[in-house]
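Residues per chain are reported as follows:
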Amino acid sequence: MKRLFTLTICLSLLQIIQANALPSVKQSHHFAAFHGEINADTIILPVINHPLPIGAQGNIYKRRLDSIRKDIQLDYNEYVQSYIELYMHNRDEMGQVAGLTRYYFPIYEKAFHDAGIPDEIKFLSIVESKLDPNAVSRVGATGLWQFMGTTAKIYGLNMNEYVDERRDPIQASYAAAAYLKDAYQEFGDWLLAIASYNCGKSNVEHAMEKAGGGSDFWAIRQYLPAETRGYVPAFIAMNYVMNYFGKHNIVAQACNFSLKTDTVMVKKFVSLSNVARALNVGISEITILNPAYRRLIVNGTPKAPRRLILPQTAKENFAALYNVLNSAGDAVAPMEFARPAPVYAVAAPAAHSAYVDVPKSDRKITTYHKVKKGETLAGIADLFGCEVHDLKVWNNLESNRAPVGKTIRVAAGGDISASVSADTKPTL
């Protein structure tokens, strides 16, 4: 009996020691970026004050990080190791996130390719929101990329009673890419650009000054806000985890929504619940694909069509979908707007996709557009069904900023079929 009691005490002490060996973490449901608005009471990124010592496993971590390095320096040290261990400890959560990357990462990769920033920055969104488009931090940072309202407006994201584009995976990804590219052009270092995404450019500038002009993250790390000191190591660790979770017996879980989607541009007010009924799917699937619509209403108009992402559907649902998207009787119009006249909503043709065939004579679109204040190239490309790259080529633009007041070409020709495309991922 004494031996059993002694064994029980020993096991209990061992569990306590192991628990204390884990990094100290301030628990919260969401990680967040504050973009210059950090408050000591609202830091919710796990803060590791006492990193784990590098052990035998460290050589493996370093070798693997070196093998996946592309454009960003993925340093390995005790801080990075501690975050790797932390994330690997949350096996179920990492399995869920790995499953979600199948949907969100192709969106990020397209936005980053258009902006000319490194592909591996896509892992930063996991540190920010764990790929939850509805994530909201304690200070109001929102969406997959956790934009604060002020920063969101600067980078062209709209927020009103109907829509919050911080929650839109496509719009927010282009905005995040623009911010990070601006930061890189200022600091000349991707890790410093990433650090500024968390604490704001001014905090990075002040840290560089305190470090005597240091231009390396690790050289200025001690002068950065507490959360930001762990933010970059967490980003590097997430690069490791998402590339090698299979080596640690973590299984990517299936998403609870369709990964095969089609896109339509809607020119009227349409209820998402009506769309769900037409497709014979749950409203939750439609809302997770369209998280930006705050009132579950697509607030499209002829002058400002809105994107609607749909799970690919069986052909027998085409007629009901057509009625919802095109029938004036099903429109949901607010009191302050006149009810839009019936228009054709066209989804891009793709194998097994749900789209409405429109007579060729009705497919004409505007070839030129005068850029208004607050518009972005990404938003204009969205509006006219083209790519940011196309806009830059057609108009000899070197940057991703929209030239306010100028008239730019927005189509290669007059046929919408030439500028709208779709595949098994959302049209970006």
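Residues numbered from 1 in each chain as written. Predicted model: local features only at pLDDT ≥ 70, side-chain atom pairs only at ≥ 80, totals over all residues. Heavy atoms only, no water.

Participant: Would you explain the layout of surface pockets in this entry?
Facilitator: Once rolled over the atoms, a probe with the size of a water molecule shows which space is left empty. Taken as a whole, the largest pocket holds about 850 Å³ of empty space. Every residue lining the largest pocket is counted, 37 residues in all, and those nearest its centre are N158, E165, A304, P305 and R306. At the level of elements, α4 (91-115), α7 (169-187), β4 (306-311) and α15 (377-384) are the ones that each hand at least two residues to the lining of the largest pocket. (1 Å grid on protein atoms, 1.4 Å probe; cavity = no way out; pocket = protein on both sides within 12 Å on 5 of 7 lines; lining within 4 Å. Points joined across faces, edges and corners; volume = space filled by probe spheres on them. Helix = DSSP H or I, 4+ residues; strand = E, 2+ residues; numbered from the N terminus.)

Participant: Looking at this structure, I do not really get helix α9 (residues 201-210). What am I missing?
Facilitator: Residues spaced three or four apart along an α-helix face the same direction, because each turn holds 3.6 residues. Within α9, the full set of buried residues consists of V204, A207 and M208. Along the axis of α9, the buried residues cluster in a sector spanning 100°; they form a single face. Within α9, the exposed residues directed more than 90 degrees away from the buried face are E209 and K210. (Buried < 20%, exposed > 50% of the residue type's maximum accessible area, 1.4 Å probe, protein only. Arc of directions from axis to C-beta.)

Participant: Before we go on, may I ask you to explain the confidence of the model for the chain in this structure?
Facilitator: One rule of thumb: low pLDDT means the predicted coordinates there are not for detailed reading. Per-residue confidence for the chain gives a mean pLDDT of 78, with 73% of residues at or over 70. When the criterion is pLDDT under 50, residues 1-9 qualifies, and its contacts beyond four places in sequence or with other chains add up to zero contacts. Contacts of residues 11-44 to residues separated by more than four positions or lying in other chains number 82 contacts, the stretch itself having pLDDT below 50. (pLDDT = per-residue confidence, 0-100. Contact = heavy atoms within 4.5 Å.)

Participant: Just checking my understanding: could you explain the pattern of salt bridges for this structure?
Facilitator: A side chain with one charge can pair with a side chain of the opposite charge if their charged atoms come near. Inspection of the entire model under this criterion finds eleven salt bridges. Here E93 makes a salt bridge to K130, at a shortest N to O gap of 3.1 Å. Here K130 lies in the loop between α5 (124-129) and α6 (149-154) and E93 lies in helix α4, a separation of 37 residues in the sequence. Of the residues examined, E93 reaches a relative accessible area of 27% and is grouped as partly exposed. For K130, a relative accessible area of 12% gives the class buried. (Salt bridge = Lys/Arg side-chain N within 4 Å of Asp/Glu carboxyl O.)

Participant: What is the right way to read the pairing of β4 from this model?
Facilitator: If a strand is regular, its side chains alternate between the two faces of the sheet. For β4, a buried count of six out of six residues is recorded, marking the element as mostly surrounded by other parts of the structure. Burial along β4 is two-sided: the face carrying R306, L308 and L310 and the face carrying R307, I309 and P311 are both buried. The sheet contact formed by strand β1 (residues 261-266) and β4 spans six bridges and is antiparallel. Counted as the bridge partner of V266 is R306 from β4. (Pairing = 2+ DSSP bridges.)

Participant: What's the story with the packing of aromatic side chains in this structure? I'm lost.
Facilitator: The way to describe two aromatic rings as a pair is by their centre distance and the angle between their planes. For the structure on display, the rule yields 18 aromatic pairs. Their ring planes at 75° and their centres at 5.0 Å tell us that Y61 and Y240 sit as a pair that is edge-to-face. With a gap of 179 residues between them, Y61 in helix α2 (residues 57-68) and Y240 in helix α11 (residues 226-244) connect regions that are remote in the sequence. There is no split in this pair, since Y61 and Y240 are both buried. (Phe/Tyr/Trp six-rings, centres within 6.5 Å; stacked < 30°, edge-to-face > 60°.)

Participant: Would you mind showing me how to read the nonpolar core here?
Facilitator: A general feature of soluble globular proteins is that nonpolar side chains tend to end up buried together. Grouped together as the largest cluster of nonpolar side chains are 88 residues, with contacts concentrated most on W145 and I194. Looking at this core element by element, the count peaks at twelve residues for α4. Two domains each provide a minimum of three residues to this core, namely domain 1 (57-247) and domain 3 (368-409). Counting residues in each nonpolar core, the second largest holds 18 residues, with L272, A278, Y293 and V324 among its members. (Core = buried A, V, L, I, M, F, W, Y, C linked by side-chain atoms within 4.5 Å. Domains from an automatic or database assignment.)

Participant: I tried to follow the environment of A402 on my own but got confused; where do I start?
Facilitator: When you line up the elements, A402 lands in the loop between α16 (388-394) and β6 (407-409). Placed eleven residues apart in sequence, A402 and L391 show a C-alpha to C-alpha distance of 9.6 Å. Aside from chain neighbours lying at most four places away, what touches A402 is V371, E375, T376, L377 and I380.

Participant: Help me understand the packing of α7 against helix α8 (residues 190-199) in this model?
Facilitator: When two helices pack together, their arrangement is captured by the angle between the axes and the distance separating the axes. Running from N to C, α7 and α8 cross one another at 125°; their axes reach a closest spacing of 8 Å. Between α7 and α8, the angle is such that the two are oblique. When you trace α7 past α8, the crossing you get is right-handed. For the pair α7 and α8, the contacting residues are A176, Y179, L180, A183, Y184 and F187 in the first and W190, L192, A193, I194, S196 and Y197 in the second. Residue classes in the contact of α7 with α8 are distributed as eleven nonpolar, one polar and no charged. (Axes fitted to C-alpha atoms, helices over the stretch in contact; angles between N-to-C directions. Parallel < 35°, antiparallel > 145°, perpendicular 65-115°, else oblique. Left-handed = near helix turned anticlockwise from the far one by under 90°. Nonpolar A, V, L, I, M, F, W, Y, C, P; charged D, E, K, R; others polar.)

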